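So you can see what is in the structure, the chains are spelled out below.
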Amino acid sequence: MFRTTRKRMLPVVALTASIAMLAAACSDSTDPKDNPKPGGSAAPTSDGPAEKVDRPLVVFAGSQSPITPNFNPYAPTVLHGALGPIYETLFHYNKTKAVDPEPMLGESFEFNEDGTELTIKLRAGVKWNDGKDFTADDVVFSFTNVAKAAYIESAEAVDATTVKLKFNAPSFTNEWAVLGASFMVPKHVFGEFTSLDKLVAFANDKAPVGTGPFVLEAATSASYTLKANPNYWQEGKPALQEVQYLAIDGNSSAQAMMQAGEIDYMSLFVPNPESITGTGDVAMVNTPMDPTVLYTCANADLGCKGAQTDVAVRNALSLALDRATINEKAFVGLAGTISPTFALLGRDDKWIADGMPKEIAQQANVAEAEKVLTDAGYAKGSDGIFAKDGQKVSMTLKVISDWSDYVSATELIASQAKAAGIEVKVETTDWDGFSNARLSGDYELIIGGMVGTSLADPFQLYRDWFTGDYTQKVGTNLEPGEWNMTRYSNKIVDEAIQTAAGTRDEAVKKEAYGKVQAEIVRDLPYIPLIINATQSFFNTVDYSNWPTEDNMFAFPSSWGSVSSGIVLGNVQGPKK
Amino acid sequence: MKFYVRRITFYLVTLWAAISLNFFIPKLMPGNPADIFRENLLRQGGEITPAMEQTIQLLFGSPDDSLWEQYTRYWSNLLQWDLGVSTTKYPTPVTELLAEALPWTLVLVGTATVIAFVLGVGLGAWAGWKRGTWVDSLIPGSALLQSIPYFWLALVLVAVFSVNLGWFPIIGGYSAREFRAGPEMSWAFVSNAAFHAILPAATIVISSVGGWLIGMRNMMVATLSEDYVTTAEAKGLKPSRVFLTYATRNASLPSLAGFTITLGFVVAGSIVMEQVFSYPGIGKLMITAVTQKDFALMQGVFLVITLTVLAANFVMDIFYGLIDPRARQNV
């Protein structure tokens with residue numbers, strides 16, 4: 001009896017042991033020193049970098065398999081390689097810095113006095129990659145085809161290198177959309193589409209005709225490859241002969257491939273970047289851009305309900321947060337510091353009005369939080385939670401269960417709030433629940449993101465997220481393009497934004513922003529938490545001229561529209 | 001004859017019901033596809049240009065037709081083998097996506113399932129034959145293998161054999177770097193694809209072989225205690241003959257039935273495996289479709305799965321009717 005039992009146990013023990021070994025081996029992989037060096041001959045994988053010299057630069061930009069070859073800049077499913085590497089805009093707006101737009105297909109531009117006309121000087125001598133000339137007619141066509149933006153009245157070619165756009169209203173605020181985000185397309189290719197649905201259905205997957213540094217070589221469901229455009233208008237660029245974009249499902253696979261030297265360029269959230277950069281072969285830059293905040297349904301007049309409709313509660317909650325701990329524990333210390341004015345620190349500093357706080361407090365101030373509540377007439381109950389008129393200061397905080405960093409942040413927020421006598425109940429939801437809640441306004445608190453602006457000016461964020469024109473009553477879904485989830489509506493903000501929209505005078509703008517900032521810093525419809533990390537990884541052994549902290553010549557993300565074309569056009573290599 | 005008519009009618013009704021459910025259930029799902037599409041684009045790392053904002057509206061604009069009109073159009077399109085256009089993979093027709101993904105899934109999951117079955121049933125028969133000896137120690141081992149979470153096994157295999165040892169590729173159905181123009185008919189490509197299939201196939205085999213083994217072993221033990229086996233042994237037949245013709249043949253019947261059903265599900269792919277290995281199969285399409293509310297793609301994938309599962313059941317039914325007269329009478 002005893003013998004049989006022992007015999008039966010043997011294989012179990014053996015298996016358990018081998019699994020433990022597997023697990024150990026697996027955890028070893030996070031230690032970069034145990035890995036064969038990327039590019040070393042020790043790793044004979046079929047994808048291995050054995051053939052060093054004539055290999056393409058391999059990019060992961062977020063495509064998932066199967067890839068559908070689509071190089072039509074008007075299609076929502078357009079591939080990253082089309083926007084920048086193949087198609088270009090008139091100017092390049094570097095969203096990491098406060099610098100003037102860099103001339104691309106356009107050389108200069110000028111608005112008229114009231115912002116209803118824009119005159120653009122074009123670069124001469126540019127050719128499409130099919131050999132035809134890039135002309136003012138192509139530019140006019142790009143702005144007036146069937147996908148014309150509503151604010152554009154007309155466009156005309158004044159002469160061979162000058163185009164004049166007319167708008168139906170003052171349009172200073174559309175500068176980036178027109179000059180930095182509208183891709184120039186050839187009339188002789190796109191001219192045949194007479195309606196928007198025909199234009200969108202065009203996959204443009206055979207030989208897309210653009211002006212960019214690369215042209216399409218091959219596209220399959222697993223990858224697509226671009227090769228250098230020999231007639232590119234920038235002398236000596238691109239240095240790369242081939243660029244291959246891979247489809248990868250799952251960030252852990254991409255991380256492993258970057259570690260193994262099978263990817264040269266990717267942008268991805270990696271909580272332990274040392275596992276990739278530890279060998280010194282890979283460099284990382286972190287460019288925090290997009291804020292993470294607590295949306296509060298703030299406006300009782302539009303139907304919001306709950307304790308957070310009281311500005312004192314929002315302020316107390318903000319004061320109770322220990323953002324340093326939240327960043328350290330939930331965002332592994334990679335997140336950036338946020339400004340309560342929502343101007344991006346380091347880039348938009350000049351827009352922060354005098355007297356406004358630059359950075360939000362990183363430590364909790366429980367005493368101050370309790371004072372704010374007491375002054376507003378709240379009193380602590382026997383359970384340690386503040387209450388007024390029998391109503392406890394208790395709110396539900398929704399978070400998407402799949403977003404683990406947000407989930408851990410909400411747990412920290414709940415315990416920090418509790419220390420200040422505020423009850424925050426965390427409720428996990430799926431994507432649909434999150435989306436419905438924020439679109440309809442049926443929520444108390446949600447942890448979510450904001451979209452950072454694409455140029456060094458917080459205007460778009462103020463207008464789209466804070467003004468009364470960009471919101472709806474609770475129960476009515478926001479329209480596409482409206483982002484004011486909090487239902488916040490404030491006459492002073494709305495008027496200041498109107499003023500800022502109608503001018504290019506920086507002093508006038510700054511004064512207007514100052515008014516906005518005073519209101520939103522006091523009212524806190526969005527409680528600022530952190531700025532999300534955006535990590536990009538580069539193979540610096542075989543390739544050089546990547547963006548660095550000191551020379552951030554373009555937004556470094558591999559998925560960045562326009563900017564990825566600038567980055568890839570600049571990179572040198574591979575080294576022999 | 002009546003048996004077959006009844007069976008065929010039953011399957012036709014089931015087919016109609018399944019296809020109709022296939023149409024209605026996705027429509028009942030909550031959530032706004034346009035919104036999900038936009039957010040996915042942002043989260044996957046992407047920027048929405050002003051031009052795209054316009055076209056997303058066009059692509060996802062809610063249809064004005066009534067549900068009934070959509071339903072009848074769905075049927076008429078279906079009969080012309082037109083499954084619509086995918087929104088997440090716009091503008092590729094769903095049929096094209098399915099045609100591209102099916103061969104990968106069928107070959108990989110199909111082969112792995114057959115290997116797991118043959119291996120499991122073979123070992124199970126042997127373990128049953130040698131019951132009471134050291135071979136019994138296979139049982140707890142295979143039970144453990146079977147209970148290992150599938151995705152975990154896949155991740156461990158990748159971490160050990162691909163990342164650490166570098167023996168196998170990390171992802172893909174073939175080396176995208178060597179075959180930039182896509183699949184081709186050449187020996188080099190086939191061997192490359194086979195090499196890429198080793199780890200995914202190993203995942204499936206390791207995690208499903210235990211089930212077959214235990215089932216077969218238990219049936220074998222039961223069969224070996226039957227009187228006719230004792231009789232065969234008493235007659236002095238060769239042990240190999242008793243093992244194969246008397247015991248294994250009878251004991252494998254339930255396993256064979258189960259195998260046919262499993263084969264029906266092969267087309268569903270192996271969702272987790274395909275996700276971990278970025279394998280270009282049907283399971284991967286299914287995840288994309290469901291998470292991103294791509295109705296046309298979802299209906300297409302479910303249709304293919306429904307059809308094959310029903311077909312496998314049908315074949316099984318007819319087959320049983322042929323070999324077992326009792327099945328024909330009891331219906």
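Calculation notes
- Counting from 1, residues in each chain are numbered in the order their sequence is written.
- As they are written, the chains are lettered A onward and the ligands numbered 1 onward, keeping that order.
- Per-residue local features are limited, in this predicted model, to residues with pLDDT of at least 70; the limit for side-chain atom pairs, both in listing and counting, is 80 or more; totals at the level of whole chains, interfaces and linings are taken over all residues.
- Numbering of helices and strands runs from the N terminus, with a helix taken as a DSSP run of H or I at least four residues long and a strand as a DSSP run of E at least two residues long.
- Here a residue counts as buried when 20 or more other C-beta atoms sit within 10 Å of its C-beta, as exposed when there are 12 or fewer, and as partly exposed otherwise, the C-beta atoms being derived from the backbone.
- Note that contacts rest on C-beta atoms placed from the backbone: two residues are in contact if these are within 7 Å.
- As a per-residue quantity, pLDDT reports the predictor's confidence and falls between 0 and 100.
- Domain start and stop positions are those given by an automatic or database domain assignment.
- Classes in brief: Ala, Val, Leu, Ile, Met, Phe, Trp, Tyr, Cys and Pro nonpolar; Asp, Glu, Lys and Arg charged; the others, Gly included, polar.
- The nonpolar core is taken to be a set of buried Ala, Val, Leu, Ile, Met, Phe, Trp, Tyr and Cys residues joined by way of C-beta atoms within 7 Å.
- Here the axes come from fitting lines to C-alpha atoms, over the contacting stretch only for helices, and the angles between their N-to-C directions go from 0 to 180 degrees.
- Reported orientations rely on four angle classes, namely roughly parallel under 35 degrees, roughly antiparallel over 145, roughly perpendicular from 65 to 115, and oblique for the rest.
- What makes a crossing left-handed is the near helix being turned counterclockwise from the far one by less than a right angle; a clockwise turn instead makes it right-handed.
- Between any two strands, pairing holds if DSSP finds at least two bridges.
- UniProt positions are given in the numbering used here, feature names are shortened, and annotations may be inferred rather than shown by experiment.

Topic: the overall build of chain A
Within chain A, the regular secondary structure consists of 16 helices and 21 strands. Buried positions account for 49% of the 576 residues belonging to chain A. Pairs at least 24 apart in sequence give 69% of the contacts found in chain A among residues at least 6 apart.

Thoughts on the confidence of the model for chain A
The predicted model of chain A has a mean per-residue pLDDT of 87, with 90% of residues at 70 or higher. Contacts of residues 1-52 of chain A to residues separated by more than four positions or lying in other chains number 65 contacts, the stretch itself having pLDDT below 50.

Focus: the domain arrangement of chain A
All names here are of chain A. Structurally, chain A comprises domain 1 (13-85 + 203-288 + 534-570), domain 2 (91-190) and domain 3 (290-532). On a C-alpha basis, the centres of domain 2 and domain 3 stand 36 Å from each other. If you look at the interface, domain 2 gives twelve residues, while domain 3 gives ten residues. For the side of domain 2 that touches domain 3, a count of residues per class yields six nonpolar, four polar and two charged.

So, the nonpolar core
A:Val59, A:Met266, B:Val158 and B:Val301 are the most contacted members of the largest nonpolar core, which has 152 residues in total. Counting residues per element, this core draws most heavily on helix 5 (residues 94-129) of chain B, which supplies 15 residues. B:Val158 has contacts with A:Ala256, B:Val163, B:Ile170, B:Leu199 and B:Val276, leaving out every residue within four places of it along the chain. Core analysis: the next-biggest nonpolar cluster, separate from the first, contains 72 residues, A:Cys297, A:Ala307, A:Leu344 and A:Phe466 among them.

Some words on the packing of helix 7 (residues 150-164) of chain B against helix 8 (residues 187-224) of chain B
All names here are of chain B. Across the interface, helix 7 lies against helix 8 with an axial gap of 10 Å and an inter-helix angle of 135°. As the angle between them shows, helix 7 and helix 8 are arranged oblique. Crossing angle aside, the handedness with which helix 7 passes helix 8 is right-handed. Contact residues: helix 7 offers Tyr150, Leu153, Ala154, Leu157, Val158, Phe161 and Ser162, while helix 8 offers Leu199, Ala202, Thr203, Ile206 and Ser207. A class-by-class count of the residues in the contact of helix 7 with helix 8 yields nine nonpolar, three polar and no charged.

Structural notes on the sheet that holds strand 11 (residues 265-267) of chain A
Residues and elements named next belong to chain A. Pairing within the open sheet is mixed, and its seven strands lie in the order 8-9-10-1-11-21-12. Looking along the sheet, the strands with just one partner apiece sit at the ends: strand 8 (214-219) and strand 12 (282-286). The average undirected angle you get between the axes of adjacent strands in this sheet is 20°.

Some points on the packing of helix 9 (residues 323-330) of chain A against helix 11 (residues 404-419) of chain A
Residue and element names in this part refer to chain A. For the pair helix 9 and helix 11, the least separation of the axes is 9 Å and the interaxial angle reads 145°. Considering only the axes of helix 9 and helix 11, their crossing is right-handed. Across the interface between the two elements, Thr325, Ile326, Lys329 and Ala330 from helix 9 touch Asp405, Ser408, Ala409 and Leu412 from helix 11. A class-by-class count of the residues in the contact of helix 9 with helix 11 yields four nonpolar, two polar and two charged.

Focus: the UniProt feature "domain: Solute-binding protein family" (unreviewed entry) in chain A
UniProt records the feature "domain: Solute-binding protein family" (unreviewed entry) for residues 101-468 of chain A in the present numbering. The distance separating the terminal C-alpha atoms of residues 101-468 of chain A is 30 Å; by composition the span is 27% helix and 23% strand.

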